[in-house]
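# Observations on chain architecture
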2 protein chains.
Amino acid sequence: MMQLGRHISGQFNAELESIRTHLLTMGGLVEQQLSYAMHALHKDDIELARKVVRDDHKVNAMEVSIDEACTRIIAKRQPTAKDLRLIMSIIKTITDLERIGDVATKMAYITIESSTVKERTFQAALEPLCRSAIEMLHQVLDAFARMDLEAAVRIYKLDDKLDNEVESVIASLTTSMIEDSDNIPNILTVMWSARAIERIGDRCQNICEYIIYFVKGKDVRHIDEHTIDEAVED
Amino acid sequence: MMQLGRHISGQFNAELESIRTHLLTMGGLVEQQLSYAMHALHKDDIELARKVVRDDHKVNAMEVSIDEACTRIIAKRQPTAKDLRLIMSIIKTITDLERIGDVATKMAYITIESSTVKERTFQAALEPLCRSAIEMLHQVLDAFARMDLEAAVRIYKLDDKLDNEVESVIASLTTSMIEDSDNIPNILTVMWSARAIERIGDRCQNICEYIIYFVKGKDVRHIDEHTIDEAVED
């Protein structure tokens, strides 16, 4: 268990720790949803895709319940400094996690709705993108669990790689569109998903920023990578 | 000035009011950014588009500064109940406003980067979408200023209209792609923007949910429109 600081109230400490655990459970569920959505798409497993759609409400419910727990702890315990920063980081992180969960559901719907072999050929391009996004999410959750500043900075920079992968898939799908205009609507659906996966990377970057904010007390949103390096070195 | 409740500390009241005013100023700026981006696209006004790009940092800076002010007031004033809900609503609203600002910047870049008359022909489809999104944003900011529950519920439902408008533009652009495959890359750029404008509607819906949360103390995220009606009637 990470040392979050000593409190006169052991109960307060237990509450903070419980919220943090819930966040990590939610993160694990979102990672699983993405992973199932990817497998469902890859193996054309409609049952698995339906499970992802069915389980989306669990992710949503966790967001609402963690949010409530955070507001309750603020009202009851009046946290300041690092405790308050932890709660603020958690409140923001769950929003990003919930939206990542929505991408999994969106991909699951694609599996459910697609019926032709041709459609599935184009969809194959999503698998490596999804794999990269899941890896980034896994790492950022791990960094959050340990509030690991260096890991957060490193993972933040991984997003460039995912962006490049997405751009390359989009370029190749664009070529397919030009060559095979009958399939334009199918290819567009795959492109929307590729862009949605790209935004998973952006959301992982947001979570990295919250980790940096918690550890350093500095808001590093909207500054470039170089300045982030400087900010965390201070 | 809306009556936010009486406080022993007049200073606290002044601080809350100041944060609320800052949020509305930020909202006004975002609305202006979107409006300028739309005009720049419509009139092919590169200078105006450059201004939008240049001013994006102002939106970002306001997000960071309002966020800091909210965290400070929580630490210092230990708000509970409705005061705390107001602060939580503000913290979440500014995130959505900042992302709406990003869409304006994205559209401004399209104006700056597009050079052919043909490209601009496709872009014309974005103007009515953008106009609807600006109108929705304007109304939601107005509802936030007055914490108007009924308006929030009404605006929430406007999103269906924007979604339909976007779908119809996407369908028409898809047809253009099939008929004119040389222009596929240009049309794709316009499509990304149409989807980004669609997400402005989703973000306005989020802000409606925060208004409902503030007024009713109920988290109505992830529930359907019918249930929202029930929740606000209680």
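Residues numbered from 1 in each chain as written. Chains lettered and ligands numbered in written order. Predicted model: local features only at pLDDT ≥ 70, side-chain atom pairs only at ≥ 80, totals over all residues. Heavy atoms only, no water.

On to the overall build of chain A. When helices and strands are tallied, chain A shows eight helices and zero strands. Radius of gyration (C-alpha) of chain A: 20 Å, near the 17 Å computed for a compact globule of 234 residues. Counting only C-alpha atoms and orienting by the principal axes, one finds that chain A spans roughly 65 × 40 × 25 Å. Looking at chain A residue by residue over its 234 residues, the buried ones come to 57%. In chain A, 77% of the contacts between residues at least 6 apart in sequence involve partners at least 24 apart. Just so you have it, chain A exposes about 9900 Å², and 51% of that area is on carbon and sulfur atoms. Of the charged side chains in chain A, 28 are positive and 40 negative; the average position of the first set lies 6 Å away from that of the second. (Helix = DSSP H or I, 4+ residues; strand = E, 2+ residues; numbered from the N terminus. Rg over C-alpha atoms; globule rule 2.2 N^0.38 Å. Buried < 20%, exposed > 50% of the residue type's maximum accessible area, 1.4 Å probe, protein only. Contact = heavy atoms within 4.5 Å. Areas by Shrake-Rupley, 256 points an atom, 1.4 Å probe, with all protein chains shown as cover. Lys, Arg positive; Asp, Glu negative; His and termini not counted. Charge placed at Lys NZ, Arg CZ, Asp CG, Glu CD.)

Here we take up the interface of chain B and chain A. Across the contact, 34 residues belong to chain B and 34 residues belong to chain A. Between chain B and chain A, roughly 3100 Å² of surface is buried when both sides are summed, and carbon and sulfur atoms account for 63% of that area. Where chain B packs against chain A, one counts six salt bridges. Between Glu63(A) and Arg221(B) there is a salt bridge, with the nearest N and O atoms lying 3.1 Å from each other. Where chain B touches chain A, the interface holds eight residue pairs in polar contact (both at pLDDT 80 or more). Within the residue set of the side of chain B that touches chain A, elements represented by two or more residues are helix H2 (46–77), helix H3 (81–113), helix H6 (149–179) and helix H7 (184–216) of chain B. Ranked by residue count, the leading element in the side of chain B that touches chain A is H7(B), at ten residues. In terms of residue class, the side of chain B that touches chain A is built from 16 nonpolar, eight polar and ten charged. (Buried area = accessible area lost by both parts, 1.4 Å probe. Salt bridge = Lys/Arg side-chain N within 4 Å of Asp/Glu carboxyl O. Polar contact = N/O pair within 3.5 Å; in protein donor to acceptor, adjacent residues only side chain to side chain. Nonpolar A, V, L, I, M, F, W, Y, C, P; charged D, E, K, R; others polar.)

Next up on the list: the UniProt feature "domain: PhoU" (unreviewed entry) in chain A. Residues and elements named next belong to chain A. Here the UniProt feature "domain: PhoU" (unreviewed entry) sits at residues 24–110 and 129–211. Across residues 24–110, the secondary structure splits into 94% helix and 0% strand, with the terminal C-alpha atoms separated by 28 Å. Secondary structure across residues 129–211 divides into 93% helix and 0% strand, with the first and last C-alpha atoms of the span separated by 24 Å. (UniProt positions renumbered as here; feature names shortened; annotations may be inferred.)

A few words on the relation of the copies chain B and chain A. Superposition of chain B onto chain A requires a rotation of 180 degrees combined with a translation of 0.0 Å along the rotation axis, giving an RMSD of 0.0 Å. Overall, the copies show the geometry of a two-fold rotation axis. Judged by C-alpha distance, Gln78(B) is the residue of chain B that lies nearest the rotation axis, at 2.8 Å. Most of the interface of chain B is mirrored in chain A: 100% of its interface residues are interface residues there too. (Least-squares fit on C-alpha atoms with pLDDT ≥ 70 in both.)

Below, the discussion takes up the state of the cysteines. Note on terminology: disulfide describes a covalent bond linking the sulfur atoms of two cysteines. Evaluated as defined, the whole model comprises zero disulfides over all chains. Cys70(B) carries a free sulfur, and the closest cysteine sulfur to it, the one in Cys70(A), is 15 Å from it. Not engaged in a disulfide, the cysteine Cys208(B) finds its nearest cysteine sulfur in Cys204(B); these two sulfurs lie 7.1 Å apart. (Disulfide = S-S within 2.5 Å.)

Below, the discussion takes up unusual backbone geometry. Phi is positive for His222(A), which is not a glycine, with a value near 65 degrees. Along the chain, His222(A) falls in the loop between helix H7 (184–216) and helix H8 (225–233). One non-glycine residue, Met147(B), lies in the positive phi region at around 45 degrees. For Met147(B), a relative accessible area of 7% corresponds to the buried category.

What follows covers helix H6 (residues 149–179) of chain A. The end-to-end C-alpha distance of H6(A), which contains 31 residues, comes to 47 Å, matching closely the 45 Å that a straight helix rising 1.5 Å per residue would cover. At the N-terminal end of H6(A), a side-chain oxygen is found 3.1 Å from the backbone nitrogen of Glu150(A), two or three residues along, and the residue is Asp148(A). (Expected span 1.5 Å × (residues − 1).)

All names here are of chain A. Contact geometry of helix H1 (residues 10–43) with helix H2 (residues 46–77) gives a least axis separation of 10 Å together with a crossing angle of 160 degrees. The angle between the axes of H1 and H2 places the two elements in the roughly antiparallel class. Where H1 crosses over H2, the two elements pack in a sense that is left-handed. When its residues are assigned to classes, the contact of H1 with H2 shows 19 nonpolar, five polar and eight charged. (Axes fitted to C-alpha atoms, helices over the stretch in contact; angles between N-to-C directions. Parallel < 35°, antiparallel > 145°, perpendicular 65-115°, else oblique. Left-handed = near helix turned anticlockwise from the far one by under 90°.)

What follows concerns the pattern of salt bridges. Under the counting rule described, the total for this entry stands at 42 salt bridges over all chains. The partner of Lys161(A) in a salt bridge is Glu165(A), with the nearest N and O atoms 3.1 Å apart. Of this pair, Lys161(A) and Glu165(A) both sit in helix H6, four residues apart, which is roughly one turn of the helix. Accessibility expressed as a relative area gives 22% for Glu165(A), which makes it partly exposed. Between Arg221(A) and Asp219(A) there is a salt bridge, with the nearest N and O atoms lying 2.8 Å from each other. In this structure, a network of salt bridges that share partners links the residues Glu63(A), Asp67(A), Lys92(B), Asp219(B) and Arg221(B).

Residue and element names in this part refer to chain A. If you trace the backbone, Leu16 turns up in helix H1. You can call Leu16 buried: its relative accessible area is 1%. In this structure the C-alpha to C-alpha distance between Leu16 and Ala69, which are 53 residues apart in sequence, comes to 9.3 Å.

Let's shift gears to the packing of aromatic side chains. Each aromatic ring pair is characterised by the separation of its centres together with the angle its planes make. Scanning all chains against the criterion turns up one aromatic pair over all chains. Measuring from centroid to centroid gives 5.2 Å for Trp192(A) and Trp192(B), while their planes differ by 75 degrees, and the two rings are edge-to-face. Note that Trp192(A) is positioned in helix H7 and Trp192(B) in helix H7, a pairing that runs across two chains. If you follow Arg195(A) out to its NZ or CZ, it ends over the ring of Trp192(B), 4.4 Å from the centre. (Phe/Tyr/Trp six-rings, centres within 6.5 Å; stacked < 30°, edge-to-face > 60°. Lys NZ or Arg CZ within 6 Å of the ring centre and 35° of its normal.)

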